[in-house]
Amino acid sequence: MRSPFAYRPRSGPLQSASPAAAVAYLGSLATVGFLYSNPIVLAATGAALVLAGLLAGARDAVRAALWMGLTLALLIVAVNVLVVDRGATVLVRLGQLPLLSDVITAEALAAGAVIGLRAAVVLLAFAVYSACVDPDRVLRALRPLARRSALTATLVSRLVPVAAADAARLRDAARLRGPAAAPVGRAALARRLLAGSLDRAVDVAATLELRGYSLNPPRPTPVATLFPPYTSKKRCDRRGERPRARRSRYDRRFYVVGALVLIAGVAGKLLGADAFAEYPAVQLGVGPATLALATLLALSGLTPLSPRPRRTASTSLPAGWRS
Amino acid sequence: MIPRRGIAVAIALLVGALAAAGCGFGPGKDLGGVRLTVSRDYGHTSLLEREVGDVTESDTVMRVLERNAEITTRYGGGFVQSIDGLEAQERFGRSSDWFFYVDGVESPVGAADYSLRGGEWVWWDYRNWEGAMSVPAVVGSWPQPFAGSYGGHPHPVAVECLGGGAACATVRSKLRAVGVEAAAGSAADAIRVLVGPWQRVRDDPVAAQIESGPQRSGVFAEFGRARGGYAMRGLGEDGKAAAAFGPGAGLVAATRRGEAPPVWVVTGVGPRGVADAAALLDTAHLRDRYAVAVEDGREEALPLR
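Here we take up the overall build of chain B. For chain B, the helix and strand inventory stands at 7 helices and 19 strands. Over its C-alpha atoms, taken along the principal directions, chain B stretches across nearly 90 × 50 × 35 Å. In chain B, which comprises 305 residues, the share counted as buried stands at 51%. Once local pairs closer than 6 in sequence are excluded, the contacts in chain B between residues at least 24 apart make up 62%. Total accessible area computed for chain B in this model is approximately 13600 Å², and 53% of it derives from carbon and sulfur atoms. Charged side chains in chain B number 31 positive and 36 negative. The centres of these two groups are separated by 4 Å.

Turning our eyes to something else, we now look at the interface of chain A and chain B. Contact residues are listed per partner, giving 18 residues for chain A and 22 residues for chain B. Summed over both sides, the interface between chain A and chain B buries roughly 1600 Å², with carbon and sulfur atoms accounting for 51% of that surface. Among the residues chain A hides against chain B, the three largest losses belong to A:R86, A:R93 and A:P280. Together they make up 42% of the total. Taken together, the connections running from chain A to chain B amount to 2 salt bridges. Counting across the interface, chain A meets chain B through 9 residue pairs in polar contact (both at pLDDT 80 or more).

Attention shifts here to the sheet that holds strand β14 (residues 229-235) of chain B. All names here are of chain B. Judged by pairing direction, the sheet is antiparallel, and its 3 strands sit side by side in the order β13-β14-β15 without closing on themselves. Edge positions in the sheet fall to β13 (221-226) and β15 (241-244), since each has one partner strand and no second. For this sheet the average axis-to-axis angle between neighbouring strands, irrespective of direction, equals 40°. In this structure, β13 lies alongside β14, joined through 6 bridges in antiparallel fashion. Bridging from a neighbouring strand, F223 pairs with M232 of β14.

Residue and element names in this part refer to chain B. As enumerated under the stated definition, the model contains 1 disulfide over all chains in all. C161 shares a disulfide with C168; S-S distance 1.8 Å. Taking the sign of the S-S torsion, 90° for the link of C161 and C168, the bridge is right-handed. On the basis of relative accessible area, C161 is assigned to the partly exposed category, the value being 36%. With relative accessibility at 2%, the residue C168 sits in the buried group.

Moving on, we get to the environment of A:V32. All names here are of chain A. Counting through the fold element by element, V32 comes out in helix α2 (residues 19-35). The exposure class assigned to V32 is buried, which follows from its relative accessible area of 2%. Remark: the alpha-carbon pair of V32 and G46, spanning 14 residues in sequence, is separated by 10 Å. Discounting chain neighbours no more than four positions away, the residues touching V32 are V41, T45, V261, G265 and L297.

This next bit is on the pattern of salt bridges. All names here are of chain A. For the structure shown, the criterion picks out 25 salt bridges over all chains. Salt-bridge contacts for D172 lead to R175; the nearest nitrogen and oxygen are separated by 3.2 Å. Taken together, the positions of D172 and R175, both in helix α7 (residues 147-175) and 3 residues apart, correspond to about one turn of that helix. Exposure remark for D172: the relative accessible area of 37% places this residue in the partly exposed category.

Residue and element names in this part refer to chain B. Scanning the entire structure with this criterion turns up 14 aromatic pairs over all chains. A centroid spacing of 6.0 Å and a plane angle of 45° characterise the contact between Y101 and W123, whose relative ring orientation is tilted. Highlighted residues: Y101 in strand β8 (residues 94-102) and W123 in strand β10 (residues 121-128), separated in sequence by 22 residues. The same class applies to Y101 as to W123, namely buried. Seen from their ring centres, W142 and F146 are 5.7 Å apart, and the 65° between their planes marks the pair as edge-to-face. An identical accessibility class is assigned to W142 and F146; each is buried. Three or more aromatic residues link up through ring pairs in this structure, and these residues are Y42, Y101, W123, F220 and Y290. Looking at R35, its charged tip hangs above the ring of W121, at a distance of 4.5 Å from the centre. Over the aromatic face of F99 sits the side chain of R127, whose NZ or CZ is 3.9 Å from the ring centroid.

Bringing helix α2 (residues 61-68) of chain B into the picture now. Since one α-helical turn is 3.6 residues long, residues separated by three or four positions face the same way. Within α2(B), 6 of the 8 residues are buried, which leaves it mostly tucked inside the rest of the structure. Every buried residue belonging to α2(B) is among B:V61, B:M62, B:R63, B:V64, B:L65 and B:N68, and all of these are buried.

Below, the discussion takes up the side chain of B:S217. Residue and element names in this part refer to chain B. Note that S217 resides in helix α5 (residues 214-217). Among the polar contacts made by the side chain of S217, one reaches the main-chain amide nitrogen of V219 at a distance of 3.1 Å. Dropping the residues within four chain positions of it, S217 is found in contact with P136, Q209, I210, A254 and T255.

Okay, a nonpolar patch on the surface next. There is a patch of nonpolar side chains on the surface, built from A:L72, A:L75, A:V79, A:L82, A:V83, A:L99 and A:L100 and spanning about 640 Å² of accessible area. The residue A:V79 is located in helix α4 (residues 59-83) in this model.

All names here are of chain B. Side chains of strand β4 (residues 71-74) alternate between two faces, with I71 and T73 buried and T72 and R74 left unburied. Pairing of β4 with strand β5 (residues 79-83) involves 4 bridges; the strand directions are antiparallel. Looking at the pairing, T73 lines up with V80 of β5. Hairpin connection from β4 to β5: 4 residues lie between these consecutive antiparallel strands, with Y75 at a positive phi of about 50°.

Residues and elements named next belong to chain B. Taken domain by domain, chain B comprises domain 1 (30-128) and domain 2 (150-302). Here the C-alpha centre of domain 2 lies 26 Å away from the C-alpha centre of domain 1. Taken together, the contact pairs 19 residues of domain 1 with 12 residues of domain 2. Of the roughly 1300 Å² buried between domain 1 and domain 2 on both sides combined, carbon and sulfur atoms contribute 54%. Looking at the side of domain 1 facing domain 2, the largest losses of area belong to Y42, V105 and W123, adding up to 42% of the total buried there. The interface formed by domain 1 and domain 2 includes 1 salt bridge. Close ionic contact of E49 with R287 constitutes a salt bridge, the shortest N to O distance being 2.8 Å. One can count 3 residue pairs in polar contact (both at pLDDT 80 or more) joining domain 1 with domain 2. At the level of elements, β2 (30-40), β3 (45-56), β8, β9 (105-106) and β10 are the ones that each hand at least two residues to the side of domain 1 that touches domain 2. For the side of domain 1 that touches domain 2, the leading source of residues is β10, giving 5 residues.

Cut-offs and rules
Residues numbered from 1 in each chain as written. Chains lettered and ligands numbered in written order. Predicted model: local features only at pLDDT ≥ 70, side-chain atom pairs only at ≥ 80, totals over all residues. Heavy atoms only, no water. Helix = DSSP H or I, 4+ residues; strand = E, 2+ residues; numbered from the N terminus. Buried < 20%, exposed > 50% of the residue type's maximum accessible area, 1.4 Å probe, protein only. Contact = heavy atoms within 4.5 Å. Areas by Shrake-Rupley, 256 points an atom, 1.4 Å probe, with all protein chains shown as cover. Lys, Arg positive; Asp, Glu negative; His and termini not counted. Charge placed at Lys NZ, Arg CZ, Asp CG, Glu CD. Buried area = accessible area lost by both parts, 1.4 Å probe. Salt bridge = Lys/Arg side-chain N within 4 Å of Asp/Glu carboxyl O. Polar contact = N/O pair within 3.5 Å; in protein donor to acceptor, adjacent residues only side chain to side chain. Pairing = 2+ DSSP bridges. Axes fitted to C-alpha atoms, helices over the stretch in contact; angles between N-to-C directions. Disulfide = S-S within 2.5 Å. Phe/Tyr/Trp six-rings, centres within 6.5 Å; stacked < 30°, edge-to-face > 60°. Lys NZ or Arg CZ within 6 Å of the ring centre and 35° of its normal. Patch = residues over 30% accessible without salt bridge, like charges linked within 9 Å, V, L, I, M, F, W, Y side chains within 5 Å. Domains from an automatic or database assignment.

This is the structure in structure tokens:
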């Protein structure tokens, strides 16, 4: 079964954009999620990410991230109220219990909810990234910066799903032995999986060596110094320069919105848009700066919206010719 | 699958443990009242003085303060950042912060962790802490810590007469006037009052901390040798000498070593200073002061301004 967070190629703007543009856009929203504590701003960031994910066709990833985020948020709230004794409004007295707070306060509840909301927002950002940004293109973009790390990351990103598929196959095989067969323990399954992974790793290493990955990377030939007067620009470009990454017509859109979100986030922070205090009593800032920033963030979720295909006179058919 | 009976037993045990631990809904039963004082600059300017009557069993120093003043906090609500807009700051070479005392003793824990039992005197003071980061005990909550239950239980009070003469009787009568009978001897957990000239009082190791300066003792006064005796000087907020007192000077101050009960010193350069210092033991002279110096009947709050 395929993970809901796995990348699926689609033709939407977010999938078509270059990895740097997509990372700039989603990273700016995740940064706002890390920077802010005001629940209005966090909720708007979350809404933007949900909208972006849905428009990019990553419905399953968004649904799974919301479910995981909610579960995580509930866990954080439960832990926070049980261990934090700050806050003015006492809801329940727990008495003297080891390791736990002696009271449950409304403020600890609110603080836990805000931490949970932040975790959910960051989770959403990574879920949309994972489902909409091609990992191969990301690794390809990183290759000039860190060749070995990129190779390692590529291998891991290939081998982990293979190992997961192996595990599923082994489980299926064990189940198909019939109801009378002795159950297969997890340790035995893990042992078999590890042995298989090691075999596969040896094969991969041999293949890499055969393909010359152990050699140093080829240096660009200094063509210009060998044949100074006769070197053509075209030849130099072909042998001495890195191939240029493919750009998308949507890149500019994501760069602009990402920069706008980041600038607005920093400016809002300076203007007091993050006005929120959990302790000693909850104080929520709903000033113009907060509302303006929240609106901008929510609207930024529309960035992956596909442009409606333009219908021109030459391509449209007369009414009677429609099939 | 977990058996249902096991779950039921676990829930019953949990409910039983919570009930035994004293849990319940809401803030709990009323414990009476506390006195709340808010001041600045070593008690020089009073900002708030209130009898708070609705203290409950879940109340802490922070919760009581929050109900009676506009405050902001930091470090996850554990420390007070500002009270009624007066904010802790560290700039222009001055470091000022909010400190609190319960029954005249500096708390070893934060305000959010200090549970109240009712009857305490909580004093918040905003002060520059360059001269002394810690002032372990103050005299400004008189008759606390003698009359109350400092630290959660009553302590015996021992008056140690170290050549104080008639001043010792004055101290005992002042304590009696607030309902405190000095115990015979000096129990280990007693709050001690040392009465006598500095030449004698300085033999006590806790009182001798005063000679190490305010960073150690929290007392903004110093004694130095002068013509076969001692001379007293008053210190400013920066911990530096601000005024020299004459041979008739006296001092009422409190200090503390570690987690031991506080020690009060009623002392002076000579017998006259000791007698004058003993006469200061009442609310009118000590209220909201860290320590008090007296000379020829004229008293000065320490640190000097």
